[in-house]
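# Residue-level structural notes
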Amino acid sequence: RIPLKGSLGDVLTRAREEMEAGRRVVVLADGDPLFFGIGKRVIEAVGSDHVELHPNVTALQAAAVRIRVPWDQVKTVSLHGRKDLWPLLRALVGCYHVGVFTDGVNHPAAIAKELRRRTVHSFRMWVFENLWQEDERIGSYELDEPEGLNFSALNFVILERTGFPEIPLRLGLSDDHYMHERGL
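Below or above, wherever it landed, is the structure these notes cover. Quick caveat: nothing in here was measured; it's all calculated off a predicted structure.

Here is what the cut-offs are and how they apply
- The numbers attached to residues start from 1 for each chain and follow its sequence in the written order.
- Local features in this predicted model are restricted to residues whose pLDDT is 70 or higher, and side-chain atom pairs enter the listing and the counts only when it is 80 or higher, whereas totals over whole chains, interfaces and linings include all residues.
- The side-chain quantities take in all heavy atoms of the structure and omit both hydrogens and water.
- Patch membership requires over 30% relative accessible area and the absence of a salt bridge. Like charges are linked within 9 Å, and nonpolar side chains (Val, Leu, Ile, Met, Phe, Trp, Tyr) within 5 Å.
- Every accessible area reported is derived by Shrake-Rupley at a probe size of 1.4 Å, with residue values counting cover from the shown protein chains alone.
- Each salt bridge in this description consists of a side-chain nitrogen of Lys or Arg and a carboxyl oxygen of Asp or Glu lying within 4 Å of one another.
- Put simply, DSSP H or I for four residues or longer makes a helix, DSSP E for two residues or longer makes a strand, and each gets a number counted from the N terminus.
- Only Phe, Tyr and Trp rings take part, Trp by its six-membered ring, and two of them pair if their centres are within 6.5 Å. Stacked means planes under 30 degrees apart, edge-to-face means over 60, and tilted covers everything else.
- For every residue, the accessible area obtained with a 1.4 Å probe (protein chains only) is divided by the maximum for its type, and the residue is called buried under 20%, exposed over 50%, and partly exposed between those limits.
- Two residues form a contact once any of their heavy atoms are found within 4.5 Å.

Moving on, we get to a nonpolar patch on the surface. Together, Leu4, Val25 and Val27 give the surface a local cluster of nonpolar side chains, amounting to about 210 Å² of exposed area. Looking at the secondary structure, you find valine 25 in the loop between helix H1 (8-20) and helix H2 (39-46).

In this structure the tally under the stated criterion is three aromatic pairs. Seen in terms of ring centroids, tryptophan 126 and phenylalanine 128 are 6.4 Å apart; in terms of plane orientation they differ by 15 degrees. Their pairing is stacked. Under the relative-accessibility criterion, phenylalanine 128 is labelled buried at 1%. Aromatic pair tyrosine 141 and phenylalanine 151: ring centres 5.8 Å apart, planes at 85 degrees, arrangement edge-to-face. Taken together, the residues tyrosine 141 in strand E4 (residues 137-142) and phenylalanine 151 in the loop between E4 and strand E5 (155-161) connect sequence positions ten residues apart. Each member of the pair tyrosine 141 and phenylalanine 151 is classed as buried.

It is worth spelling out the side chain of serine 152 at this point. Relative to the elements of secondary structure, serine 152 occurs in the loop between E4 and E5. Ignoring sequence-local partners within four residues, the contact set of serine 152 consists of Glu129 and Asn130.

Now for the pattern of salt bridges. Inspection of every chain in the model, using the stated rule, returns nine salt bridges. One salt bridge connects arginine 118 with glutamate 114, and the closest N-O pair in it is separated by 2.7 Å. Looking at glutamate 114, the relative accessible area reads 18%, which means it is buried. Across the pair glutamate 129 and arginine 137 runs a salt bridge whose closest N-O atoms are separated by 2.7 Å. Residue classification places arginine 137 among the partly exposed positions, given a relative accessible area of 43%. Three or more residues joined by partner-sharing salt bridges are found here, namely Arg14, Glu18 and Arg23.

Spatial relationships are all this shows, so hold off on functional conclusions.
Have a look at this one:
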């Protein structure tokens, strides 16, 4: 047994070595391994001919059911292991529902704080903790509410649009938004 912690590359190298030694290797992960899951990395490490996948319900599916939103209408991004929020910010521009796979750094309170810092106010945050477990908890928050709250490490977020930005999107800027110097 090898826990999937630390460098995933090291774990997959070990799995490949075990396979080459004639042992069967099983990787257990929840959800759908090819939907922001470990499946792609396993296939790259050992080859698709050596992989058999058995998907389960994804966090997105389980969360969408809880708030009765068709999950095919939820744009989904992963902030897991990322250092920037650009995938999320791009998704928020034109979507009514955005699902977010989180991690220990990009947790619900940190996401809400960063969105407020960037003056994003037109979304409500749904936080789904420990889905389908005995201690399942679902909360709906304005973006100023999650700060200071602790959430289970096993969580998923859906941001739901509640309004539109005050400045409508358009191509280009008017001349008064540019700095002018020496006639340029």
